[in-house]
There are 2 protein chains.
Amino acid sequence: MSPAPEPRKGARTRERILDAALGAFSEQGFNAVSLRDIAARAELTHVGLLHHFPSKEDLLIHVLERRDELDLAELREQTDVLDRSVLVWALRIVARDTTTPGAASLYARLSSEAADVDHPAHAHFVDRYQRLAGALATAIGTEIAEHGPPFPITAEQAGRQFLALMDGLQLQWLLEPDRVDMVGSLLGYLASLGIVIDRETIDPVGDPATTAGAGGERA
Amino acid sequence: MSPAPEPRKGARTRERILDAALGAFSEQGFNAVSLRDIAARAELTHVGLLHHFPSKEDLLIHVLERRDELDLAELREQTDVLDRSVLVWALRIVARDTTTPGAASLYARLSSEAADVDHPAHAHFVDRYQRLAGALATAIGTEIAEHGPPFPITAEQAGRQFLALMDGLQLQWLLEPDRVDMVGSLLGYLASLGIVIDRETIDPVGDPATTAGAGGERA
DNA sequence: GTCTATAGAAAGATAGAC
DNA sequence: GTCTATCTTTCTATAGAC
C-alpha cells in the first residue's frame with residue numbers, strides 16, 4: 001500500500017554493499033573474499049548482506065553489471081564524434097584506473113578467473129569482450145580509412161607492448177578460442193614494425209585449429 | 001651411507017605431484033584448488049603430498065620454477081641466431097599453449113592473482129616480467145635497426161590487439177606501477193596506425209604519476 | 001614414504017527472533 | 001531489514017602408526 005517514490009534506506013544499503021564488494025573483489029579476487037569480509041566493510045553482518053543478495057554469485061553479477069553501467073554512462077556523456085570517442089573513452093577508462101588501483105585489478109583478476117566456463121561471470125565477460133572488440137574495430141577502421149601509418153617507437157615500448165599483447169590475447173583466446181588467432185596477431189604486430197617472420201617458422205604443421213578465426217589473418 | 005646415484009622413487013612421486021598441480025592450478029586457479037584435489041590426481045593422499053611439499057605455497061613456487069625451467073630449456077635448444085630466436089621462441093610458447101588449454105591459463109590466472117604483493121608468487125612474476133620484457137626489447141631493437149616499418153593490418157586485428165594491449169599492460173602495471181605507462185603505450189600503438197590522439201585529450205592534468213617510467217614515452 | 005585419524009579454522013547458507 | 005545462533009561442508013595442517 002505504500003511503495004514510496006523516494007529512494008528507501010534499503011537501496012542505500014545495497015549501494016554500500018556493492019561498493020564494498022567492488023573493493024574487496026578488486027584487491028583479493030572473487031574466490032579469496034568471503035561474504036563476511038564484504039559485510040564488515042559495509043558495516044553489517046554477512047547475514048544482513050544475504051538479505052539483499054541471496055548468494056555470493058548473485059552479488060558478483062550485480063557488481064559487474066553496475067561497473068559496466070557506470071562506464072557506459074561515461075561513454076554516453078562524451079560529446080565527440082561517435083567513432084573516435086570510443087577510443088578516447090577506452091583510454092580514459094584506463095587512465096582513470098591508474099589512479100584507483102583497486103578498481104583496476106577487478107577485471108584483470110576476474111577476467112582470468114572467468115575463463116572457466118563454469119565461473120558465474122563467464123557469460124558476462126564473453127559478451128563484454130565481443131562488444132568491446134567490435135566497437136574498437138569500427139572506430140579504428142574509420143581512422144585508418146583516412147590516412148596511412150608512419151610512426152616512431154622505442155624498443156622498450158615495443159617490448160612491453162609485445163608482452164602485453166601476449167597476455168591480453170591469451171585471455172581473449174581462453175574466453176573465445178575460435179575467434180582469436182594469437183600467433184597470427186602477434187606476427188601481424190611484428191610485421192607492423194617491419195619484422196617479417198614466416199608463419200611456417202612458428203607453426204610448422206600449418207595446423208588448421210590455430211589458423212582459424214578473425215583477428216589473425218596473416219598480413 | 002647409501003645415497004644412490006639413481007633417481008629414487010621419491011623423485012618420481014615429486015614429478016607426479018608437480019604435473020598434477022600444474023594441471024589443477026591451470027584449470028581452476030591457485031585459490032580454488034585444494035591439496036586434496038591435487039593429491040587425488042597424483043594418486044596419493046593430501047598428507048602424502050605434504051610430505052614432499054610442506055605447504056600449498058611451497059608447491060606453487062616449485063610448479064612455477066619447473067615450468068620456467070622447461071621453457072628456458074626449449075630456448076637453449078634453439079639453434080637460430082640469438083636475438084631473433086627470442087622472438088621465435090616466445091611465439092612458439094604461445095603456439096604450443098594453443099594446443100594445451102590447461103597450461104595456457106596457468107599464467108593468465110596466476111599472474112593476475114600474483115599482482116597482490118602478499119601473494120606467494122608475487123616476486124616470481126615481477127622478476128619474470130622484467131627479464132622477458134628486456135629480452136624482447138633487445139631482440140626487437142636489433143630488428144628495427146635494419147629496416148623501417150611499412151605494413152598492412154585489418155581493423156578486426158587492430159581492435160583485438162588494442163584490447164589485448166589494454167589487458168596486458170594493466171597486468172604489467174599492477175606488477176610494476178613505476179615502469180609501465182599504459183596510456184602512453186596505447187597512444188603509441190595508435191600512432192603506429194596513423195591515429196594521432198593528443199595526450200592532453202586523455203590525461204588533461206598532465207599528471208606526473210601517469211607520465212613516469214619506461215614503455216610509454218610519447219611517440 | 002605413505003597412511004588413518006583428527007584438530008582447528010573458516011567458508012556459504014539457513015532458521016527464526018525482533 | 002538486521003540480528004544471533006547454528007548447520008554443514010571444506011579447507012590446511014599436524015600427530016602418530018606402519
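Please refer to the structure higher up on the page.
Residues numbered from 1 in each chain as written. Chains lettered and ligands numbered in written order. Predicted model: local features only at pLDDT ≥ 70, side-chain atom pairs only at ≥ 80, totals over all residues. Heavy atoms only, no water.

### Description of the protein's contact with DNA strand D
In the vicinity of DNA strand D lie 16 residues, with Thr-45, Val-47 and His-52 of chain A together with Arg-36 and His-46 of chain B positioned nearest. When the atoms of DNA strand D within 4 Å of the protein are grouped by moiety, sugar and phosphate amount to 46% of the total. Taking Ser-34 of chain B, its side chain carries an N or O atom lying 3.3 Å from a phosphate oxygen of DNA strand D. Between His-46 of chain B and DNA strand D, the recorded distance is 2.7 Å, taken from a side-chain N or O atom to a base nitrogen. (Near = heavy atom within 4 Å. Polar contact = N/O pair within 3.5 Å; in protein donor to acceptor, adjacent residues only side chain to side chain.)

### Remarks on the relation of the copies chain A and chain B
With an RMSD of 0.1 Å, the fit of chain A onto chain B corresponds to turning through 180° and sliding 0.0 Å along the axis. Such a combination of rotation and displacement between the chain copies is what one expects of a two-fold axis. (Least-squares fit on C-alpha atoms with pLDDT ≥ 70 in both.)

### Points about the interface of chain A and chain B
Facing 83 residues of chain A, the contacting portion of chain B comprises 84 residues. When the two sides are added together, the surface that chain A and chain B hide from each other amounts to roughly 7,600 Å², 69% of it contributed by carbon and sulfur. At the boundary of chain A and chain B, one finds zero salt bridges. In this assembly, chain A and chain B are joined by nine residue pairs in polar contact (both at pLDDT 80 or more). The set of elements that each furnish at least two residues to the side of chain A that touches chain B consists of α5 (82-99), α6 (101-113), α7 (122-146), α8 (155-175), α9 (182-192) and α10 (199-202) of chain A. A total of 20 residues in the side of chain A that touches chain B trace back to one element, the largest contributor, which is α8 of chain A. Considering only residue class, the side of chain A that touches chain B consists of 47 nonpolar, 22 polar and 14 charged. (Contact = heavy atoms within 4.5 Å. Buried area = accessible area lost by both parts, 1.4 Å probe. Salt bridge = Lys/Arg side-chain N within 4 Å of Asp/Glu carboxyl O. Helix = DSSP H or I, 4+ residues; strand = E, 2+ residues; numbered from the N terminus. Nonpolar A, V, L, I, M, F, W, Y, C, P; charged D, E, K, R; others polar.)

### Regarding the nonpolar core
Among the nonpolar cores identified, the biggest contains 130 residues, and Leu-59 and Phe-162 of chain A together with Ile-38, Leu-59 and Phe-162 of chain B are the most heavily contacted of them. Residues within four places of Phe-162 of chain B in sequence aside, it is in contact with Ala-90, Leu-91, Leu-136 and Ile-140 of chain A together with Leu-186, Tyr-189 and Leu-190 of chain B. (Core = buried A, V, L, I, M, F, W, Y, C linked by side-chain atoms within 4.5 Å. Buried < 20%, exposed > 50% of the residue type's maximum accessible area, 1.4 Å probe, protein only.)

### Observations concerning the protein's contact with DNA strand C
Every one of the 16 residues lining DNA strand C counts as a neighbour, but Leu-35 and His-46 of chain A together with Thr-45, Val-47 and His-52 of chain B are closest to it. Within 4 Å of the protein, the atoms of DNA strand C are drawn from sugar and phosphate moieties in a proportion of 50%. Interatomic distance of 3.3 Å between a side-chain N/O atom of Ser-34 of chain A and a phosphate oxygen of DNA strand C. Contact distances for DNA strand C include 3.4 Å between a phosphate oxygen and a side-chain N or O atom of His-51 of chain B. Elements with a minimum of two residues in the surface near DNA strand C: α2 (35-41) and α3 (46-52) of chain A together with α1 (9-28) and α3 (46-52) of chain B. Here the surface near DNA strand C is composed, by residue class, of six nonpolar, seven polar and three charged.

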